[in-house]
Amino acid sequence: MTHDHNPGRRIGETLLAVENISLAFGGVRALTDISFDVREHEIRAIIGPNGAGKSSMLNCVNGVYRPQQGTIRFAGQTFRHMHPHKAALMGIARTFQNIALFRGMSVLDNIMTGRNLKMRCGLFLQALYVGPNRREELAHREKVEHIIDFLQIESVRKTPVGRLPYGIQKRVELGRALAAEPRLLLLDEPMAGMNIEEKQDMCRFILDVNDEFGTTIVLIEHDMGVVMDISDRVVVLDYGRKIGDGSPDEVRANQDVIDAYLGVAH
Amino acid sequence: MLYREAGQFKTSYRADQQIFPILQDRIGMLVLGFVALVGVPLVASEYWLTAILIPLLVFSLAAIGLNILTGYAGQLSLGTAAFMAVGAVATYNFQLRVPGIPILVSFLLGGGTAAAVGAVFGLPSLRIKGFYLAVATLAAQFFIPWLLVKVSWFSNDSASGVITTQPVEILGFTFDTPLRKYLFALVVVSVLALVAKNLVRSHIGRAWMAVRDMDVAAEVIGIRIVRTKLVAFAVSSFYCGIAGALYAFAYLGSVETDGFNLDLSFRILFMIIIGGVGSILGSFLGAAFITLLPILLDVALTEGATALGLQLPSGMTSMVQLVVFGALIIFFLIVEPLGLARLWQIAKEKLRLWPFPH
Ligand SMILES: Nc1ncnc2c1ncn2[C@@H]1O[C@H](COP(=O)(O)OP(=O)(O)O)[C@@H](O)[C@H]1O
Ligand SMILES: [Mg+2]
């Protein structure tokens, strides 16, 4: 896979910085003293073997987990820990490793729900529906239809997501995250379990989002080819510790990283 | 008439967002509305109005209330009848104690009172789910009617505990005959059904379903779980409260707290299971089914017995009823959890493509 993506083209200031994050579940140390930063418009990958703490890291960034130590700095504000609602308000959206769509709802409604935070009409106006609420619904519908076009899922927009194949569900989940027009997009293994073709599509979507909207992306991915191809910088975790951080080439040459991947499997 | 959407292309999202985007559905609704408003008054007997149509409307409203909470927001409740009792008793007391208050205002305040009580009993839902929440709402189902009987102020110290409702009078017009009561219930239920449909297709409805389907993802999107659940309890209980008030004022003509028991809560739960969980249409279908089935069974059994020259043992029909209900509920839970509404939708999809199934 080759892409005419040009890393570093318009990368800006630091948008997110996690500092000395430690997280434990009882005796299990999921993360130990992790620090790294993510710059505006960058595609930043997090890699590492299973159980390394990658998902836990994302969960700390948007407040699903509360780390016992460390700070999270986002868009100039520093937090001991995030709260999911606060994170959403500040423009952080994400997808989950195990698809977390609203199964009983249609594709359209799932993606519309991604914009719920932007809707202002109160209960009374919604009960009336006509008037301001309809105008609001239509305005948001228009934006959502753009996302549906972009992700090429027009033909299933009214289908309940539970009935869609896995690869399409992954796409819908990306759509739901995009609907929030996020500043920072956290993607937890968006290509896991996909075939080559689906992976290529997903890569293209991620690069397009980054290019067109300038969205900063943090991406967890196992496929090293993909990671080396699309990311600007890479963080490597192993057993909850950071063992590498740098450009794809630097990381590839790092002896600790090679050991973690080629050494004892875990 | 053929049911087709072929050729009906939506040229705008506005057209696509109508409640009934398909022409045939709109015509169907018009016909149904015409029958309910004009046809029924022309032909329906007093028995049909008082024993079938009015309770059908009241139960539909209660089923919509429960469906908002259980079907849309995913919070199981066994307290439906208790919230109906609150609505009935509160409406009665507003009417009794506030001089000159219009009856519709009493209804709204009665629904509002039920909403407040519902939100309080919804507090456990912030901590517990599923079976345990059902048990918590069961507490409401036992506590509220008990309290309403215990404190005789609620029934205006009536010795028997049975209280006769005030007449329903709007702008000098009294809804006193069965036909008038039916029309009153029809308008109230139709308006509130439309409001419910509007809510579930707006962002609060999507928030309810999001919390139902995947609460972690909902929270990450920025939906406030606590607020969303409590609003669902409040709105649901508002509907149940109005249904309770209608039950008292338009159906029984009295407030009988004992009638709002666990049995009634279960009946309404069965209505949404059979009609369709998470469907406004299903609430009506379920209410109609459960109201009409006993009558149809009764007629069928009696006619059948007479035709065969048999003498049915007493209590036979009610036993057959129980068996049929039980079997149907198990069938829907296992085979079609989305109920009659889903079966109707499947039938429509088939018709849409007929005669070419591909
Ligand atoms: N909610 C949780 N409760 C208990 N342990 C957890 C939880 N989430 C993650 N862990 C543990 O934290 C470690 C890191 O997990 P995770 O972040 O999912 O790794 P990765 O995404 O890199 O595969 C694992 O040992 C896992 O068992
Ligand atoms: Mg993971």
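Residues numbered from 1 in each chain as written. Chains lettered and ligands numbered in written order. Predicted model: local features only at pLDDT ≥ 70, side-chain atom pairs only at ≥ 80, totals over all residues. Heavy atoms only, no water.

## Let's talk about the coordination of the magnesium ion (ligand 2)
Our working rule: Here a donor is any nitrogen, oxygen or sulfur atom (N, O, S) within 2.8 Å of the metal, with 3.2 Å used for Na, K and Ca; water is not among the atoms considered, so some sites may look incomplete. Each helix corresponds to a stretch of at least 4 residues labelled H or I by DSSP, and each strand to a stretch of at least 2 residues labelled E; elements are numbered beginning at the N terminus.
Within the protein, Ser55 of chain A (OG) and Gln97 of chain A (OE1) serve as the donor atoms for the magnesium ion (ligand 2), at 2.0 to 2.1 Å. Of this pair, Ser55 of chain A sits in helix α1 (residues 54-61) while Gln97 of chain A sits in the loop between β6 (92-95) and α3 (107-113), placing them 42 residues apart in sequence.

## Here we look at the packing of aromatic side chains
Put simply, the rule reads: The pairing test for Phe, Tyr and Trp rings, Trp by its six-membered ring, is centres within 6.5 Å, and the orientation test on the planes gives stacked under 30 degrees, edge-to-face over 60, and tilted for anything in between. Only protein chains enter the accessibility calculation, which uses a 1.4 Å probe; a residue is then buried when its area is under 20% of its type maximum, exposed when over 50%, and partly exposed in between. Only lysine NZ and arginine CZ atoms are considered, and such an atom sits over a ring when it is within 6 Å of the ring centre and within 35 degrees of the ring normal.
Evaluated as defined, the whole model comprises 17 aromatic pairs over all chains. An angle of 75° between the planes, with centres 6.5 Å apart, marks the rings of Phe150 of chain A and Phe213 of chain A as edge-to-face. A residue pair is termed long-range when its members are at least 10 positions apart, and Phe150 of chain A in helix α5 (residues 132-150) and Phe213 of chain A in helix α7 (residues 196-213) qualify at 63 residues. For the ring pair Trp153 of chain B and Phe154 of chain B, a centre distance of 5.6 Å and an interplane angle of 70° mean the geometry is edge-to-face. Residue Phe154 of chain B is classed as partly exposed on the basis of its relative accessible area of 22%. Taking NZ or CZ as reference, Arg176 of chain A lies 4.6 Å from the ring centre of Phe102 of chain A, over its face.

## Focus on the sheet that holds strand β1 (residues 14-25) of chain A
Residue and element names in this part refer to chain A. Let me state the cut-off plainly: Between any two strands, at least two bridges found by DSSP are needed for them to pair. For every element, the axis is a line fit to its C-alpha atoms; helices are fit only across the contacting stretch, and the angle between N-to-C directions ranges from 0 to 180 degrees. Note on contacts: a residue pair is in contact if any heavy atoms of the two residues lie within 4.5 Å.
Strands sit in the order β2-β1-β4-β5 across an open sheet of four strands; the sheet is antiparallel. The strands lining the two open edges of the sheet, one partner per strand, are β2 (28-39) and β5 (77-79). For this sheet, the mean inter-axis angle between neighbouring strands, taken without regard to orientation, is 15°. Pairing geometry for β1 and strand β4 (residues 69-74), over five bridges, is antiparallel. Paired with Leu16 across the bridge in β4 is Phe74. Against the sheet, α1 engages β1, β2 and β4, with an angle of about 115° to β1.

## Considerations on the pairing of strand β10 (residues 241-246) of chain A
Each regular strand carries side chains that alternate between the two faces of the sheet. Across five bridges, strand β9 (residues 233-238) of chain A lies against β10 of chain A in antiparallel orientation. What sits directly across from Val234 of chain A, in β10 of chain A, is Gly246 of chain A.

## Brief notes about the sheet that holds β10 of chain A
All names here are of chain A. One open sheet holds the six strands; their spatial order is β6-β7-β8-β3-β9-β10, and the pairing between them is mixed. Two strands in the sheet have a free side with no partner beyond their single neighbour: β6 and β10. Strand-to-strand, the axes of this sheet are offset by a mean angle of 15°, without reference to chain direction. Running over the sheet, α1 touches β3 (43-47), β6, β7 (184-188), β8 (216-220) and β9 and is turned about 150° from β7. Contacting β3, β7 and β8, α7 runs over the sheet at an angle of about 155° to β8.

## Some details on the packing of helix α12 (residues 280-308) of chain B against helix α13 (residues 316-334) of chain B
Residues and elements named next belong to chain B. Our working definition: Throughout, the term roughly parallel applies to angles under 35 degrees, roughly antiparallel to angles over 145, roughly perpendicular to angles from 65 to 115, and oblique to all others. A crossing counts as left-handed when the near helix is turned anticlockwise from the far one by less than a right angle, and as right-handed when that turn is clockwise. Three residue categories are used. Nonpolar comprises Ala, Val, Leu, Ile, Met, Phe, Trp, Tyr, Cys and Pro, charged comprises Asp, Glu, Lys and Arg, and polar comprises the others, including Gly.
Taken N-terminus to C-terminus, the directions of α12 and α13 make an angle of 135°; their axes are 10 Å apart at the nearest point. The orientation of α12 with respect to α13, classified from their angle, is oblique. Handedness of the crossing formed by α12 with α13: right-handed. Packed against α12, whose contacting residues are Phe289, Ile290, Leu293, Pro294, Leu297, Asp298 and Leu301, the element α13 presents Thr317, Val320, Gln321, Val324, Phe325 and Leu328 at the interface. Tallied by class, the residues present in the contact of α12 with α13 amount to ten nonpolar, two polar and one charged.

## Quick word on the site of ligand 1
Residues and elements named next belong to chain A. Here is the rule we go by: Only a single heavy atom is needed: when it lies within 4 Å of a molecule or strand, its residue is near that molecule or strand. Whenever a nitrogen or oxygen atom comes within 3.5 Å of another N or O atom, the pair is scored as a polar contact, on the condition that within protein one atom can donate a hydrogen and the other can accept it, and that pairs from neighbouring residues in sequence are kept only if both atoms are in side chains. All accessibility values rest on the Shrake-Rupley procedure with a 1.4 Å probe; residue burial counts only the protein chains present in the view.
As a structural note, the neighbourhood of ligand 1 is formed by Phe25, Val28, Ala30, Pro49, Asn50, Gly51, Ala52, Gly53, Lys54, Ser55, Ser56 and Tyr65. The separation between an oxygen atom of ligand 1 and a polar main-chain atom of Gly51 is 2.8 Å. Tyr65 has a polar side-chain atom sitting 2.9 Å from a nitrogen atom of ligand 1. In isolation ligand 1 exposes 560 Å². Once the protein is present, 64% of that is buried. Listing elements by their share of the shell around ligand 1, those giving two or more residues are β2 and α1. If one sorts the elements of the shell around ligand 1 by residue count, α1 sits on top with three residues.

## Quick notes on the domain arrangement of chain A
Where the parts come together, the accessible area they lose is often given as the size of the interface. Residues and elements named next belong to chain A. Where we set the bar: A domain assignment, automatic or from a database, supplies the domain bounds used here. Buried area: the accessible area, evaluated with a 1.4 Å probe, that two parts lose upon being put together, summed over both parts. Salt bridges are counted wherever a side-chain nitrogen of Lys or Arg sits within 4 Å of a carboxyl oxygen of Asp or Glu.
When its domains are assigned, chain A resolves into domain 1 (1-91 + 183-266) and domain 2 (101-181). Contacts between the two partners involve 19 residues from domain 1 and, on the opposite side, twelve residues from domain 2. Interface area for domain 1 against domain 2, summed over the two sides, is near 1,200 Å², with a carbon-plus-sulfur share of 72%. Area buried by domain 1 at its contact with domain 2 is led by Leu185, Met202 and Phe205, which between them contribute 36% of it. Run the count over domain 1 and domain 2 and you get one salt bridge. We note a salt bridge from Asp201 to Arg171, for which the minimum N-O separation is 3.3 Å. Scanning the region where domain 1 abuts domain 2 turns up three residue pairs in polar contact (both at pLDDT 80 or more). Every element with two or more residues in the side of domain 1 that touches domain 2 is listed here: α2 (84-89), β7 and α7. If you tally residues by element for the side of domain 1 that touches domain 2, the top one is α7, at seven residues.

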